[in-house]
Amino acid sequence: MAELREVVYVDGVRTAFGRATPDGLFARTRADDMAVKAVRELLRRHPQLPPERIDDVVFAATAQVGDQGLTLGRDVALLAGLPASVPGFAVDRMCAGALTATTAGAGEIAMGAADVVLVGGVEHMGRHPMGADVDFNPRFVAERIVDESAAVMGQTAENLHDAFPHLTKEAADAYAVESQRKAARAWDEGVMAEIVVPMSVFTEDGWSIAARDEFLRPDTTMEGLAGLRTPFRAGGRVTAGNSAGLTDGATAALIASADAAEELALDPTMRLAGFAYAGVQPELMGLGPAPATQKVLERARLTIDDIGLFELNEPFAVQVLTWCEGVGVAPGDPRLNPYGGAIACGHPLAATGVRLMAQLARGFRDRPDARWGLTALCIGLGMGAAILWENLQRG
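About the cut-offs
Residues numbered from 1 in each chain as written. Predicted model: local features only at pLDDT ≥ 70, side-chain atom pairs only at ≥ 80, totals over all residues. Heavy atoms only, no water. Helix = DSSP H or I, 4+ residues; strand = E, 2+ residues; numbered from the N terminus. Polar contact = N/O pair within 3.5 Å; in protein donor to acceptor, adjacent residues only side chain to side chain. Contact = heavy atoms within 4.5 Å. Buried < 20%, exposed > 50% of the residue type's maximum accessible area, 1.4 Å probe, protein only. Pairing = 2+ DSSP bridges. 1 Å grid on protein atoms, 1.4 Å probe; cavity = no way out; pocket = protein on both sides within 12 Å on 5 of 7 lines; lining within 4 Å. Points joined across faces, edges and corners; volume = space filled by probe spheres on them. Nonpolar A, V, L, I, M, F, W, Y, C, P; charged D, E, K, R; others polar.

Undergrad: Got a minute to help me understand the side chain of Thr 230 in this structure?
TA: Assignment of secondary structure puts Thr 230 in the loop between helix H7 (222–226) and strand S8 (247–257). Side-chain polar atoms of Thr 230 contact the backbone nitrogen of Gly 236, separated by 3.2 Å. Residues in contact with Thr 230, not counting those within four places in the same chain, are Gly 235, Gly 236, Arg 237, Val 238 and Thr 239.

Printed below as a string of structure tokens:
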């Protein structure tokens, strides 16, 4: 049997993330067109890559309906102008969609079935709200397979507060304030300008440029968060201020075999060193990244102290706090989300994984002393995902 090939990450981009509202940035923009914009930007950045050398296009969406439901990878490939010879397919693992697209594409590369793969995700939550077109099997609740709160992500976050009462609303709010502060600094220092591709969009006021995330609130304070309502439970602890907003957006990344990257003069920034998925109780889905993190580290024979940077999704601040406690990382650890996270920029479900990867690659450049990094997130219905990366930008 042939030896598995090394898989490297070359580049990743995203659109700005807009509010999933009738007046949001992308309210009148198709989901697949957002994905096409991200793909075309990657092709523009790497003109030395012949489009016919792309062997597959793997795209994720949680709501695979409407303008994000036509075998999305193939749909996006054709719309982006790739040759008809380039195939594509769609995947769904809810919030881990783009990470799953990445590991699926990496499997093709590792096995020698592909040299270069485009991966990504898109979610137009304004058009396709979470669960809107889903017919939940009544056996889930009737036979007590799943607690009914598992279907509402905000309720699962309240469940985490119940399970870990020492993780208070005040602690969650403090984390949210810091996420906003770090994200604002990243924008001010030009970090996001390297990752976010501006896109022309049509709005109620005519044509405009979507170039900045709509949920950024750099002036967020503890006092301001203290008075917000708790929509998932009376007297609860989860608010719009310590959660990621419902968001529209798309991401795309270019991965390849190490040999193909060298042949095509592509400059990889990370090597995929391992990945893991894990399951937990669906009503406590936020716990998922902790066992996934532990699993991938154990397989790689590393410890949490070996990891120089973490990019962890932030659907809810309490979810981040449970991961921190579960793996032994302080919420204020400078290795954790140095450019802020989803509480500040938003979380367009299946798209988020590549955002984490792109920020990690940028973080590796800022931290050439860091050899290992991790991208991780929780997943609806009680799962977690973690990918281990090696920094190829070390001096």
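Undergrad: Would you explain the environment of Ala 171 in this entry?
TA: In this structure, Ala 171 sits in helix H6 (residues 169–188). Among the residues examined, Ala 171 registers a relative accessible area of 30% and is labelled partly exposed. Sequence-wise, Ala 171 and Phe 215 are 44 residues apart; in three dimensions their C-alpha atoms are separated by 21 Å.

Undergrad: Looking at this structure, I do not really get the pairing of strand S12 (residues 383–391). What am I missing?
TA: On any regular strand, side chains alternate: one points to one face of the sheet, the next to the other face. When you tally the buried positions in S12, you get eight out of nine residues, the bulk of the element. Looking at chain direction, strand S9 (residues 270–279) and S12 are connected through nine bridges and run antiparallel. Counterpart to Gly 274 in the pairing with S12 is Leu 388. Two strands pair when backbone bridges link them, and strand S11 (residues 372–379) and S12 are joined in this way by eight bridges, in the antiparallel orientation. Across the sheet, Ile 379 pairs through a bridge with Met 383, a residue of S12. What sits between the antiparallel neighbours S11 and S12 is a turn of three residues, in which Leu 381 has the positive phi angle 65°.

Undergrad: Explain the layout of surface pockets to me, please; I cannot follow it from the model alone.
TA: When its volume is computed, the largest pocket comes out at roughly 850 Å³. If you go around the largest pocket, you meet 37 residues; those closest to its centre are Ala 240, Ser 243, Ala 244, Gly 245 and Leu 246. At the level of elements, helix H5 (153–163) and H7 are the ones that each hand at least two residues to the lining of the largest pocket. Taken together, the residues of the lining of the largest pocket sort by class into 22 nonpolar, 13 polar and two charged. Every residue lining the second largest pocket is counted, 22 residues in all, and those nearest its centre are Thr 62, Met 94, Met 130, Gly 131 and Val 134. Tallied by class, residues from the lining of the second largest pocket come to 14 nonpolar, five polar and three charged.

By themselves, these observations are geometric and do not establish any function.
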